[in-house]
Amino acid sequence: MFGGAVFIRVSTWLVALGSALAIVAGSVGQFPAWSPRAVLVPPIRIPTEASVLSATQGPGSSEVTLRMSRPFVDGQVKKTDGGSGAISYGLSSYGYDVRCADEFKIFTNINSAVVDPKDFDANSFVDIKSDVCIIPPNSFALARTIEYMRIPRNVLTICLGKSTYARCGIIVNVTPLEPEWEGHVTLEFSNTTPLPAKIYAGEGVAQFLFLESDEQCETSYKDKKGKYQGQTGVTVPRL
């Protein structure tokens, strides 16, 4: 039934971090005493035919679920339907590689507007729908994942860009997905090169890593009514 398992052990580096802090505290007396609590992120098992990621803590413990909209890809896909090479996506050894949808917002300075995070001018983007997106030199574009994510209350999701894009000077940036956040994930592609850069829709762009806590958070993204909760499509900055 299960297509694979993803597990991440973070207890080792937490203990090492705690030991380092304890040494520093003892040396300079500036930090309070801190006792690290080892955290084991258990296997995240993904049913092949269902849109559910199940993370279990072991025998006798409760199960948390991370629901994803279909399609779900059980394993790494490295070829397009036509047989040519593709930037890989799907289930990987320690995470899940998401795909880019075919909706893009390309930044333009044609209006000479000031880039203000508190008052962003939506006219600074040109909307396109295409299998590829060409980002101008030293510019950026917004896109979204094909996947619609729902994060459990005790899970934090970290996103890292694909190495294939990074080696071309194309940076994929996504902030962490907080507990109980849901929606299409907005992706930001920065072209750091002096040449146009190409992004491929329907192929892998980033890997998601799921970190499960041993207790639920006090206040989730849903609790605080976050401004990006339930977003669909490519979402521009909000205040």
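What you see is a predicted model, and the numbers here were worked out from it, not measured in a lab.

### Remarks on the environment of Phe107
And then number 1: Along the chain, Phe107 turns up in strand β8 (residues 103-107).
And then number 2: Along the chain, Phe107 and Ala122 lie 15 residues apart, while their C-alpha atoms are 9.5 Å from each other.
And then number 3: Not counting chain neighbours up to four residues away, the residues in contact with Phe107 comprise Val115, Phe120, Ser124, Phe125, Ser139 and Phe140.

### Observations concerning the nonpolar core
And then number 1: Core analysis: the largest hydrophobic core is formed by 35 residues, its most contacted members being Leu187, Phe189 and Ile199.
And then number 2: Those residues in contact with Phe189, other than ones at most four positions away along the chain, are Cys100, Ile135, Ser139, Phe140, Ala141, Ala143, Ile170, Ile171, Val172, Ile199 and Val205.
And then number 3: Listed in part, the 6 residues of the second largest apolar core include Phe107, Phe120, Phe140 and Leu142.

### Re the packing of aromatic side chains
And then number 1: For the coordinates displayed, the defined rule picks out 5 aromatic pairs.
And then number 2: Aromatic side chains Phe107 and Phe125 sit 6.2 Å apart centroid to centroid with 80° between the ring planes, which places their arrangement in the edge-to-face category. Separated by 18 residues along the polypeptide, Phe107 in strand β8 and Phe125 in strand β9 (residues 125-129) bring together distant segments of the chain.
And then number 3: The class of Phe125 is buried, set by a relative accessible area of 8%.
And then number 4: Ring geometry for Phe107 versus Phe140: centroids 5.0 Å apart, planes at 20°, classification stacked.

### Focus: the environment of Pro136
And then number 1: One can find Pro136 in the loop between β10 (132-135) and β11 (140-150).
And then number 2: Ignoring sequence-local partners within four residues, the contact set of Pro136 consists of Ile106 and Asn191.

### A few points about the sheet that holds strand β6 (residues 85-92)
And then number 1: An order of β5-β6-β7-β16-β12 is seen for the 5 strands of this open sheet, with the pairing classed as antiparallel. The sheet is open, and its two edges are formed by β5 (76-79) and β12 (155-161), each paired on a single side. Strand-to-strand twist of the sheet, defined as the mean angle between neighbouring strand axes without regard to direction, takes the value 30°.
And then number 2: Relative to strand β16 (residues 204-212), strand β7 (residues 95-99) runs antiparallel, the two sharing 4 bridges. The residue bridging Val98 from the neighbouring strand is Ala206, located in β16.

### A few points about unusual backbone geometry
And then number 1: For Glu180, which is not a glycine, the phi torsion comes out positive at approximately 65°.
And then number 2: One can find Glu180 in the loop between β13 (170-173) and β14 (182-191).
And then number 3: Non-glycine residue Lys225 carries a positive phi angle of around 55°.
And then number 4: Judged by relative accessible area, which is 71%, Lys225 ranks as exposed.

### Description of the confidence of the model for the protein
And then number 1: Looking at the protein as a whole, the pLDDT averages 76, with 70% of positions reaching at least 70.
And then number 2: In this model, residues 1-70 is a region of pLDDT below 50 whose contacts with residues beyond four sequence positions or in other chains number 128 contacts.

### Observations regarding the side chain of Asp97
And then number 1: Within the element layout of this structure, Asp97 appears in strand β7.
And then number 2: At a separation of 3.5 Å, a polar atom in the side chain of Asp97 contacts the side chain of Gln76.
And then number 3: Beyond its immediate stretch of four places on either side in the chain, Asp97 contacts Gln76, Ser88, Tyr89, Gly90, Ser92, Lys162, Ala206 and Gln207.

### A short note on the pattern of salt bridges
A side chain with one charge can pair with a side chain of the opposite charge if their charged atoms come near.
And then number 1: Scanning all chains against the criterion turns up 9 salt bridges.
And then number 2: Here Lys105 ties to Asp127 by a salt bridge, and the two come within 3.0 Å at their closest N and O atoms. Placement of Lys105 in strand β8 and of Asp127 in strand β9 is noted, with a sequence separation of 22 residues between them.
And then number 3: Since its relative accessible area comes to 16%, Lys105 is described here as buried.
And then number 4: With a shortest N-O distance of 2.8 Å, Arg153 and Glu180 are connected by a salt bridge. Residue Arg153 is located in the loop between β11 and β12, and its partner Glu180 is located in the loop between β13 and β14; the two are separated by 27 residues in the primary sequence.
And then number 5: Among the charged side chains, a network of salt bridges with common partners joins Arg153, Glu180 and Asp223.

Reading guide: rules and limits
Residues numbered from 1 in each chain as written. Predicted model: local features only at pLDDT ≥ 70, side-chain atom pairs only at ≥ 80, totals over all residues. Heavy atoms only, no water. Helix = DSSP H or I, 4+ residues; strand = E, 2+ residues; numbered from the N terminus. Contact = heavy atoms within 4.5 Å. Core = buried A, V, L, I, M, F, W, Y, C linked by side-chain atoms within 4.5 Å. Buried < 20%, exposed > 50% of the residue type's maximum accessible area, 1.4 Å probe, protein only. Phe/Tyr/Trp six-rings, centres within 6.5 Å; stacked < 30°, edge-to-face > 60°. Pairing = 2+ DSSP bridges. Axes fitted to C-alpha atoms, helices over the stretch in contact; angles between N-to-C directions. pLDDT = per-residue confidence, 0-100. Polar contact = N/O pair within 3.5 Å; in protein donor to acceptor, adjacent residues only side chain to side chain. Salt bridge = Lys/Arg side-chain N within 4 Å of Asp/Glu carboxyl O.

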